[in-house]
Amino acid sequence: MDQTVPVSELAHEADARWNARLYAAAQAINGALPPICFSVGSLTGYYLLGPDKSLATVPVTGYTVGVAMGAIPAAMLMRRVGRRTGFVVGSVIAIAAGILSAIAIIQATFIGFTAAMTLAGISGAFVQQYRFAAADSGNPDARARAISWVLAGGVVSAVVGPQTVIHTHDLFDPIPFAGSFLAMSGLAALGLVILLFLKGEARFPARVMAGSGKGRPLSEIARQPRFLVAVLCGMASYALMSLTMTAAPLAIVSCGLGETNAALGIQWHVLAMFGPSFFTGRLIARFGKEKVIVAGMLLLGCGAVVALDGIDLFNFWGAMVFLGVGWNFGFIGATAMLTEVYRPEEKSRIQGINDFCVFAAVAVASFSSGQLLSTVGWTWMNYGSFPIIALCLAGLAWLALVARRRTA
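Calculation notes
- Residues numbered from 1 in each chain as written.
- Predicted model: local features only at pLDDT ≥ 70, side-chain atom pairs only at ≥ 80, totals over all residues.
- Heavy atoms only, no water.
- Helix = DSSP H or I, 4+ residues; strand = E, 2+ residues; numbered from the N terminus.
- Rg over C-alpha atoms; globule rule 2.2 N^0.38 Å.
- Buried < 20%, exposed > 50% of the residue type's maximum accessible area, 1.4 Å probe, protein only.
- Contact = heavy atoms within 4.5 Å.
- Phe/Tyr/Trp six-rings, centres within 6.5 Å; stacked < 30°, edge-to-face > 60°.
- Lys NZ or Arg CZ within 6 Å of the ring centre and 35° of its normal.
- Expected span 1.5 Å × (residues − 1).
- Axes fitted to C-alpha atoms, helices over the stretch in contact; angles between N-to-C directions.
- Parallel < 35°, antiparallel > 145°, perpendicular 65-115°, else oblique.
- Left-handed = near helix turned anticlockwise from the far one by under 90°.
- Nonpolar A, V, L, I, M, F, W, Y, C, P; charged D, E, K, R; others polar.
- Core = buried A, V, L, I, M, F, W, Y, C linked by side-chain atoms within 4.5 Å.
- Bend = angle between axes of the 7 residues up to and from the residue.
- Salt bridge = Lys/Arg side-chain N within 4 Å of Asp/Glu carboxyl O.

**Q** Tell me about the overall build of the chain, and please be specific about residues and values.
**A** Helices and strands together make up the secondary structure of the chain, namely 19 helices and zero strands. Since a compact globule built from 408 residues should have a radius of gyration of about 22 Å, the 20 Å found for the chain is in line with a globular shape. Seen through its C-alpha atoms, the chain measures out along the principal axes to roughly 60 × 50 × 35 Å. Scored against the burial criterion, the 408 residues of the chain give a buried share of 57%. Of all intrachain contacts in the chain linking residues separated by at least 6 positions in sequence, the fraction that spans at least 24 positions is 86%.

What follows is the structure, given as structure tokens:
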């Protein structure tokens, strides 16, 4: 028979604060892995392919498919074994993925590299759970702030990831990028050590902490307007960001601006993704989740406008910065909104389903990115952002209308 773990309120809050710091530190280190994969994944695919380069972004798609594949299993595993053990498992998978990626590059096997990137994506599904872990362990009134602070660790990863690429991509010269993926394994090992120090609830299975209830049927939860809009905006903000970010390094290099500028573009982009996290939680507390998500969607639109304005380095980097800030507001706002629609016994299931939906959309976006870049081009890729942004704004307007009717 499941029993609730006895813990005083003060000790619980102290553990929650300690764990939030560790999640932020782990985000800083393990969060550097996606920038490595995104900044050189498509370039490595380009290097490994033959004359037809249209599939160059497939390894990055493999990464996002891996995140989608791992989303529900990662959430379910942590429900059974606890956050700490689950996150350690995710770090071990990341270590293996980095080593296998380097081996595949050295052996010049595109399929092997894509498979290794998919494994890296599965490890990324565990990293995505950091924000939920911080939100679930603290005061419900501070959830948005907890999510923001964890994602603020991405400011460090925004520098660590691209700088790792810049300093290690020629380690096995003349074979490019193998050293970057070996370095990725080293970062994952460091992240594993950090996660060993998690305390309190993180050590116990979620089913013990929440009790044995199974919660409401998914159909009942999914009928909630806030659930639908939260998932829609989470999917859109991440997929639109991924669509452009995946193609940007190839577009930058094809315009003769160089691989270093491509990596630095990803660095500025990731800084813009996570830098606002220091105050996004406060903005949500002051203005509400819906308004912050609206701001995020408008900023994503601004990124497309800047990209459409030209093909100078300023246009690429400027678009990436707007995309990053827009993603931050849209994704954190959507995540905070999602935490309102489930009960404690439902959280693992709903969090996993949400991340599966989000990263399935991201996988489609990243796969389409290379195809669209080689067929319709950079310009029409960016035009495609506007209908999706409009759909999200319409969803938020519908949510406001539903809320007004309920209070009337």
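On we go.
**Q** Account for the side chain of T61, with residues named and values stated.
**A** Note that T61 resides in helix α3 (residues 58-81). Among the residues examined, T61 registers a relative accessible area of 7% and is labelled buried. Contact partners of T61, with chain neighbours within four places excluded, come to A363, S366 and F367.

**Q** Quick rundown of the packing of aromatic side chains? Include the residues and the values.
**A** For the structure on display, the rule yields eleven aromatic pairs. Here the aromatic residues Y238, F274, W327, F331 and F359 are joined through ring pairs into a cluster of three or more. Of note, K199 hangs over the ring of W18, and the distance from its end group to the ring centre comes to 4.6 Å.

**Q** Describe helix α19 (residues 385-407), naming the residues involved and giving the relevant values.
**A** A rise of 1.5 Å per residue sets the reference length of α19, with its 23 residues, at 33 Å; its end C-alpha atoms lie 34 Å apart and thus fit the reference within 8%. Lining the buried residues of α19 we find α12 (225-254), α15 (289-308), α16 (313-338) and α18 (377-383).

**Q** Could you give me a rundown of the environment of L33, with the residues and numbers involved?
**A** Mapping L33 onto the fold places it in helix α2 (residues 33-48). Along the chain, L33 and G161 lie 128 residues apart, while their C-alpha atoms are 6.3 Å from each other. Here L33 is in contact with A94, M184, L187 and A188, once residues within four sequence places are set aside.

**Q** So, the packing of α2 against helix α5 (residues 110-128): which residues are in play, and what are the values?
**A** Packed helices, taken two at a time, are described by their axes: the angle between them and the distance between them. Interaxial distance between α2 and α5 falls to 10 Å at its minimum, and their mutual angle equals 165°. Classified by the angle between their axes, α2 and α5 sit roughly antiparallel to one another. Here α2 runs over α5; the crossing is left-handed. Only F110, F113, M117 and A120 of α5 make contact with α2, whose side of the interface consists of C37, G41, T44, G45 and L48. Residue classes in the contact of α2 with α5 are distributed as six nonpolar, three polar and no charged.

**Q** Tell me about the nonpolar core, residues and numbers included.
**A** Membership of the largest hydrophobic core comes to 114 residues, with the highest contact counts inside it found for Y23, F87, F181 and L338. The element contributing the most residues to this core is α12, with 17 residues. Not counting the four nearest positions on each side in its chain, F181 is found in contact with I36, C37, V40, T44, G98, I99, S101, A102, I105, F113 and M117.

**Q** Account for α12, with residues named and values stated.
**A** What sets the pattern is the α-helix's 3.6 residues per turn: residues three or four places apart point alike. Given a rise of 1.5 Å per residue, 30 residues ought to cover 44 Å, and the 43 Å separating the end C-alpha atoms of α12 matches this to within 8%. A maximum bend of about 35° is found in α12 at A248, where proline P249 lies one to four positions downstream. The element α12 is extensively covered by neighbouring structure, given that 24 of its 30 residues are classed as buried. A positive backbone phi angle near 80° is found at G256, which sits one or two residues after α12.

**Q** How would you sum up the environment of V89? Please name residues and give values.
**A** Looking at where V89 falls in the secondary structure, it is placed in helix α4 (residues 83-106). Among all residues touching V89, those that are not within four sequence positions of it are L77 and F126.

**Q** Just give me the short version of the pattern of salt bridges, but keep the residues and values in it.
**A** Applying the stated criterion across every chain, the model contains five salt bridges. The residue R226 makes a salt bridge to E340 at a minimum N-O spacing of 2.8 Å. In this pair, R226 sits in helix α12 while E340 sits in the loop between α16 and α17 (347-375), placing the two residues 114 residues apart along the sequence. Between E340 and K289 there is a salt bridge, with the nearest N and O atoms lying 2.6 Å from each other. Placement of E340 in the loop between α16 and α17 and of K289 in helix α15 is noted, with a sequence separation of 51 residues between them. Looking at E340, the relative accessible area reads 39%, which means it is partly exposed.

**Q** So what's going on with unusual backbone geometry? Residues and values would help.
**A** Between D173 and the following residue, P174, the backbone shows a cis peptide bond with an omega angle of 15°. Relative to the helices and strands, P174 resides in the loop between α8 (154-168) and α9 (178-195). We note that A108 has phi near 60°; this positive angle belongs to a residue other than glycine. A positive phi is found at F177, a non-glycine position, where the angle reads about 75°.

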